[in-house]
Amino acid sequence: MAAAPVRGETSAALVRAESLVEQSRYEEAVETLGDVEVPAVSAPDLALRVLHCEAWARMYLGQLDAADALCERARALAEGAAFSNDDRAEAIFRLAACRLKRGKTANAVALFTEAIRLGGDRVRARAFEWRARCFALIRDWDAAMTDAEHALEYAELLRDARLRALAKMQCSVIAERRGDPRLARYYAEQARDLARECGDRQTEARLLNNLGGLSFLLGRPEVAVAEIKDSFALFLELGCDVDAAQAVSSLAQVHLRCGAPMLAEEQARHALSILDERDDFIDERGNAHLVLGRALLEQGRKDEAMTELAAAEWLFERLGSKSHVAAAWVAQGDAYARLGDTEAAAALYRRAAEALQDFNF
């Protein structure tokens, strides 16, 4: 007779935890699930939801090993006869997201592909959007945009404003990486409207940060600073400190390019102090080290600059993005040029160019 009360307690705690995850209150979600029993035999449906919820929260807290282990347990549980292909696809999708956060891009692509094959429309919408991120990392822009557009198609079919916002944000990111900031801003503005519509304030804040970067690329630095500051304020209001650090890093980039290296140094260091050792933010940590290195270089502090640029290169190598690594090599080449070592500078510029070329034979 004890099974019903246990199920009721688990279900109530799970609903609270899932609501907290939706609000990006990940620490509270983990605490809520702390004493919850996982009834894998008597209530496998609840057990799977508990594993999914805790894994997602821990992934966004940067606890990637724990999240990965929970995702593996969820995938094994979903193989049972009580579950459908859509349940299995959901478990595979979450494992793939965790693998991408851990920098295992090829494995993530394979898992997202399997989730797309097995899943229904909702799983496919999310898996296509995440797989687009993988393809962007390896500079396969056509595949990335195709996946982002597929994600948008499924989101529109579902009439889900939040999924539409995420898909359009991915379209914006890809358009910017392909060198079209006007198209990127068009997508980002639409995505922000959708995020507002559905009350997804964290995604709205991320889009404000992205819009700031696009405003700068379009020659409007004052607008860029205002938008990034609005993003920073919203992140702080939501309690998203790590996301706020990304906005600070964006401000550092703008101030560096506007000729204020001392302010850029201060902001880059502040961003790094928040991001610390977060392995799920390797790209942003690398960007902050890159901006810091260039800011130090502008101040004539060449040895310190080289240390920061080497840190950026190491992080970008872990990320597995040729574009990011090439940016670090170009910055190091600039540093050697300042030191008068034109041969070393030329070698780094050549290495960067070769890494980015698509024609090899």
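Below is a short write-up of the structure. Just so it is clear, the structure is predicted and the values come from calculations on it, not from any experiment. (Residues numbered from 1 in each chain as written. Predicted model: local features only at pLDDT ≥ 70, side-chain atom pairs only at ≥ 80, totals over all residues. Heavy atoms only, no water.)

## Some words on the overall build of the protein
Here is the rule: Runs of E in the DSSP output that reach at least two residues are strands. Runs of H or I that reach at least four are helices, and both are numbered from the N terminus. With the radius of gyration taken over C-alpha atoms, the globule rule is written as 2.2 Å times the number of residues to the power 0.38. For the exposure calls, accessible area comes from a 1.4 Å probe over protein chains only, and a residue counts as buried if that area is under 20% of its type's maximum, exposed if over 50%, partly exposed in between. The criterion used for residue contact is that any of the two residues' heavy atoms lie within 4.5 Å. In short, Shrake-Rupley with a 1.4 Å probe defines the accessible areas, and a residue's cover is counted only from the protein chains shown. Only four residue types enter the tally: Lys and Arg on the positive side, Asp and Glu on the negative side, with His and both chain ends excluded. Think of each charge as sitting on NZ of Lys, CZ of Arg, CG of Asp or CD of Glu.
Within the protein, the regular secondary structure consists of 18 helices and 0 strands. For the protein, whose C-alpha radius of gyration is 22 Å, the value lies close to the compact-globule estimate of 21 Å for 361 residues. Taking the principal axes of the C-alpha coordinates as reference, the protein spans close to 80 × 50 × 35 Å. Within the protein, the fraction of its 361 residues that count as buried is 52%. In the protein, 57% of the contacts between residues at least 6 apart in sequence involve partners at least 24 apart. As displayed, the protein has an accessible area near 16800 Å², and 50% of this comes from carbon and sulfur atoms. Computed over 46 positive and 59 negative side-chain charges, the separation of the two mean positions in the protein equals 2 Å.

## Digging into the layout of surface pockets
Our working rule: Site definitions follow a grid-based scheme: protein atoms alone, a 1 Å grid, a 1.4 Å probe that fits but cannot get out for cavities, and for pockets an open set with protein on both sides within 12 Å along at least five of seven lines, plus lining residues having an atom within 4 Å of a point. Grid points are joined across faces, edges and corners, and a volume is the space filled by probe spheres set on the points.
As a volume, the second largest pocket reaches approximately 330 Å³. For the second largest pocket, the lining is made up of 15 residues, of which Tyr26, Leu61, Gly239, Asp241 and Val242 are closest to its centre. Elements represented by at least two residues in the lining of the second largest pocket include exactly helix H2 (26-32), helix H11 (201-217) and helix H13 (241-257). For the lining of the second largest pocket, the element with the most residues is H13, which contributes 3 residues.

## Some remarks on the packing of aromatic side chains
This is how it is decided: Aromatic rings from Phe, Tyr and Trp, with only the six-membered ring used for Trp, were paired whenever their centres fell within 6.5 Å, and each pair was classed as stacked if the ring planes differed by under 30 degrees, edge-to-face if by over 60, and tilted otherwise.
Summed over all chains, the structure comprises 9 aromatic pairs. Look at Phe93 and Phe112: their rings are 5.9 Å apart centre to centre, the planes differ by 45°, and that puts the pair in the tilted class. Linking Phe93 in helix H5 (residues 85-101) with Phe112 in helix H6 (residues 105-118), this pair joins segments that are 19 residues apart in sequence. Between Phe93 and Trp130 the ring centres are 6.2 Å apart and the planes differ by 90°, which places this aromatic pair in the edge-to-face class.

## Some points on the pattern of salt bridges
Two side chains with opposite charge may pair up if their charged atoms get near one another. Note the threshold: When a carboxyl oxygen of Asp or Glu lies within 4 Å of a side-chain nitrogen of Lys or Arg, that pair is called a salt bridge.
Applying the stated criterion to the full structure yields 31 salt bridges. Across the pair Glu265 and Arg269 runs a salt bridge, and its minimum N-O distance is 3.0 Å. Here the residue Glu265 and the residue Arg269 both occupy positions in helix H14 (residues 261-275), the gap between them amounting to 4 residues, near one helical turn. The buried category is assigned to Glu265, whose relative accessible area is 12%.

## Examining the state of the cysteines
To be explicit about the condition: What counts as a disulfide here is a pair of cysteine sulfur atoms lying within 2.5 Å.
A complete count under the given rule lists 0 disulfides for this structure. Between Cys53, a cysteine without a disulfide, and Cys71, which holds the nearest cysteine sulfur, the sulfur-to-sulfur distance is 12 Å. Exposure remark for Cys53: the relative accessible area of 5% places this residue in the buried category.

## Details of the packing of helix H15 (residues 282-298) against helix H17 (residues 322-338)
As a reminder of what qualifies: Every axis corresponds to a line fitted to the C-alpha atoms, with the helix fit spanning only the stretch in contact, and the corresponding angles, defined between N-to-C directions, vary from 0 to 180 degrees. The labels follow the angle: roughly parallel below 35 degrees, roughly antiparallel above 145, roughly perpendicular from 65 to 115, and oblique for the rest. Whether a crossing is left-handed or right-handed is set by the direction in which the near helix is turned from the far one by less than a right angle, anticlockwise for left-handed and clockwise for right-handed. Side-chain classes are defined by residue name, with Ala, Val, Leu, Ile, Met, Phe, Trp, Tyr, Cys and Pro counting as nonpolar, Asp, Glu, Lys and Arg as charged, and the others, Gly among them, as polar.
Contact geometry of H15 with H17 gives a least axis separation of 11 Å together with a crossing angle of 15°. Compared by their axis directions, H15 and H17 come out roughly parallel. Considering how the two elements wind past one another, H15 and H17 form a crossing that is left-handed. Counting all contacts with H15, which are made through Asn287, Leu290, Arg294, Leu297 and Glu298, the residues of H17 involved are His324, Ala327, Ala328, Val330, Ala331, Asp334, Ala335 and Arg338. When grouped by side-chain class, the residues that make up the contact of H15 with H17 number 7 nonpolar, 2 polar and 4 charged.

## Overview of the nonpolar core
For clarity, the cut-off: We define a nonpolar core as any set of buried Ala, Val, Leu, Ile, Met, Phe, Trp, Tyr and Cys residues linked to one another through side-chain atoms lying within 4.5 Å.
Residues Trp56, Met59, Phe93, Phe112 and Trp130 are the most contacted members of the largest nonpolar core, which totals 113 residues. It is helix H3 (residues 44-60) that provides the largest number of residues to this core, a total of 11 residues. Leaving out residues up to four positions away in the same chain, Trp130 has contacts with Trp56, Met59, Tyr60, Phe93, Ala97, Leu100, Lys101 and Phe112. If you look at the next biggest cluster of nonpolar residues, it comprises 12 residues, including Ala205, Ala224, Phe235 and Ala247.

## Quick notes on unusual backbone geometry
Even without glycine at this site, Ser24 takes up a positive phi of about 65°. Among the structural elements, Ser24 can be located in the loop between helix H1 (3-22) and H2.

## Description of the environment of Ala82
Tracing the backbone shows Ala82 in the loop between helix H4 (64-78) and H5. Since its relative accessible area comes to 62%, Ala82 is described here as exposed. In the structure, Ala82 is positioned 245 residues away from Ala327 in sequence and 50 Å away in space, judged by C-alpha atoms.

## Side note on helix H7 (residues 121-137)
Selection criterion: Every helix has an expected span of 1.5 Å times one less than the residues it contains.
With 17 residues, H7 extends 25 Å between its outermost C-alpha atoms, agreeing within 8% with the 24 Å of an ideal straight helix rising 1.5 Å per residue. Among the 17 residues that make up H7, 13 are buried, leaving the element largely enclosed by the rest of the structure. Taken from the residues just after H7, Arg139 is the one with a positive phi, measuring 65°.

## Considering the packing of H7 against helix H9 (residues 161-177)
Direction vectors running N to C along H7 and H9 enclose 20°, while the axes themselves pass 10 Å from each other. Taken together, H7 and H9 sit at an angle that is classed as roughly parallel. Crossing handedness for the pair H7 and H9: left-handed. Between H7 and H9, the residues in contact are Arg122, Ala125, Arg126, Glu129, Ala132, Arg133 and Ala136 and Leu163, Leu166, Ala167, Gln170, Ile174 and Arg177, respectively. Of the residues that constitute the contact of H7 with H9, the class distribution is 7 nonpolar, 1 polar and 5 charged.

Interpretation in functional terms is not warranted from these geometric data alone.
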